[in-house]
Amino acid sequence: GENVEQHPSTLSVQEGDSAVIKCTYSDSASNYFPWYKQELGKRPQLIIDIRSNVGEKKDQRIAVTLNKTAKHFSLHITETQPEDSAVYFCAASIIGGSQGNLIFGKGTKLSVKP
Amino acid sequence: GAGVSQTPSNKVTEKGKYVELRCDPISGHTALYWYRQSLGQGPEFLIYFQGTGAADDSGLPNDRFFAVRPEGSVSTLKIQRTERGDSAVYLCASSLSSLDEQFFGPGTRLTVL
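Criteria and cut-off values
Residues numbered from 1 in each chain as written. Chains lettered and ligands numbered in written order. Predicted model: local features only at pLDDT ≥ 70, side-chain atom pairs only at ≥ 80, totals over all residues. Heavy atoms only, no water. Helix = DSSP H or I, 4+ residues; strand = E, 2+ residues; numbered from the N terminus. Rg over C-alpha atoms; globule rule 2.2 N^0.38 Å. Buried < 20%, exposed > 50% of the residue type's maximum accessible area, 1.4 Å probe, protein only. Contact = heavy atoms within 4.5 Å. Areas by Shrake-Rupley, 256 points an atom, 1.4 Å probe, with all protein chains shown as cover. Lys, Arg positive; Asp, Glu negative; His and termini not counted. Charge placed at Lys NZ, Arg CZ, Asp CG, Glu CD. Core = buried A, V, L, I, M, F, W, Y, C linked by side-chain atoms within 4.5 Å. Pairing = 2+ DSSP bridges.

Student: Explain the overall build of chain A to me, using residue names and the numbers behind them.
Tutor: Looking only at helices and strands, one finds zero helices and eleven strands in chain A. When the elements of chain A are put in sequence order from the N terminus, they spell out β-β-β-β-β-β-β-β-β-β-β. Relative to its length of 114 residues, chain A is compact, with a C-alpha radius of gyration of 14 Å against a globular reference of 13 Å. The burial tally for chain A puts 42% of its 114 residues in the buried class. In chain A, the proportion of contacts linking residues at least 24 apart, taken out of those at least 6 apart, comes to 54%. Carbon and sulfur atoms provide 46% of the accessible area of chain A, an area that totals close to 5,800 Å². Between the averaged position of the 13 positive side-chain charges in chain A and that of its 12 negative side-chain charges there is a distance of 4 Å.

Structure, rendered in structure tokens:
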């Protein structure tokens, strides 16, 4: 089955700097890659996602890149702010058909210092 | 509009007891998922419903776990003979279809003493 590895497990940056979180997946059939932000005690919230037919997607300060050949994808946050501090999870999925469940990485705890 | 809701928010039970956890998906969402999240880990898939039927229950850890969605809307996750290892946050998510993004509920924190 699918396995998702996520690095680093913790990341500390200064406000205004960029943050990059990387994930690899094992199943070449995976075609959907969302990123979730989870604040302490709260529900995971989708911040950006990418499907396998594109290599990059951007939404304001957040971007995701996908390399299907290498089976890895990355989250890029620019101009970080203290409110970006949270745990970020990457996930992979095969959408369409009988599946659709997300396989998550173990998370990255991002701390943005003012 | 209303998001995914889950009840109760917290459940404390004793080892060996039976518990039911409820999920109310976003209205009109046909796909519903249950996940379990242990401290410091990512959510772990349990079961996926498309409409009323369980399309994939491969994530259920053993036969003590069962889930239903009789009318294609509300779902109940049932755990028999609870064990301390079942303690976790149980998350429910729904999506318009299996092709769409998943929206998560706030979770039920289950503690088995």
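There is more to say, and it comes next.
Student: Can you tell me about the nonpolar core, naming the residues and giving the values?
Tutor: Formed by 23 residues in total, the largest nonpolar core has its most connected members in A:Trp35, A:Phe73, A:Leu75 and A:Leu110. Taken together, the elements giving at least two residues each to this core come down to strand E2 (10-14), strand E3 (19-25), strand E4 (32-38), strand E5 (45-51), strand E7 (62-67), strand E8 (72-77), strand E9 (86-92) and strand E11 (108-113) of chain A. One finds B:Val4, B:Leu32, B:Ile79 and B:Tyr90 within the second-largest nonpolar core, a separate group that totals 20 residues.

Student: Pulling in residues and values, what's your account of the pairing of E7(A)?
Tutor: Looking down a regular strand, the side chains alternate between one sheet face and the other. Residue and element names in this part refer to chain A. Looking at chain direction, strand E6 (residues 56-59) and E7 are connected through four bridges and run antiparallel. Paired with Lys57 across the two strands is Val64, which belongs to E7. Two strands pair when backbone bridges link them, and E7 and E8 are joined in this way by six bridges, in the antiparallel orientation. Across the sheet, residue Ala63 finds its bridge partner in E8, namely His76. In textbook terms, the turn of a hairpin is the stretch between consecutive antiparallel strands, and for E7 and E8 this stretch comprises four residues, one of which, Lys71, has a positive phi near 55°.

Student: Tell me what's going on with the pairing of strand E9 (residues 88-95) of chain B, and back it up with residues and numbers.
Tutor: Residue and element names in this part refer to chain B. Across the eight residues of E9, eight count as buried, placing the element largely inside the fold. Burial along E9 is two-sided: the face carrying Ala88, Tyr90, Cys92 and Ser94 and the face carrying Val89, Leu91, Ala93 and Ser95 are both buried. Taken together, the seven bridges between strand E4 (residues 31-37) and E9 define a ladder with antiparallel strand orientation. Counterpart to Tyr33 in the pairing with E9 is Ala93. Direction of pairing for E9 relative to strand E11 (residues 108-112): antiparallel, over a ladder of three bridges. Note that in E11 the partner of Ala88 across the bridge is Leu110.

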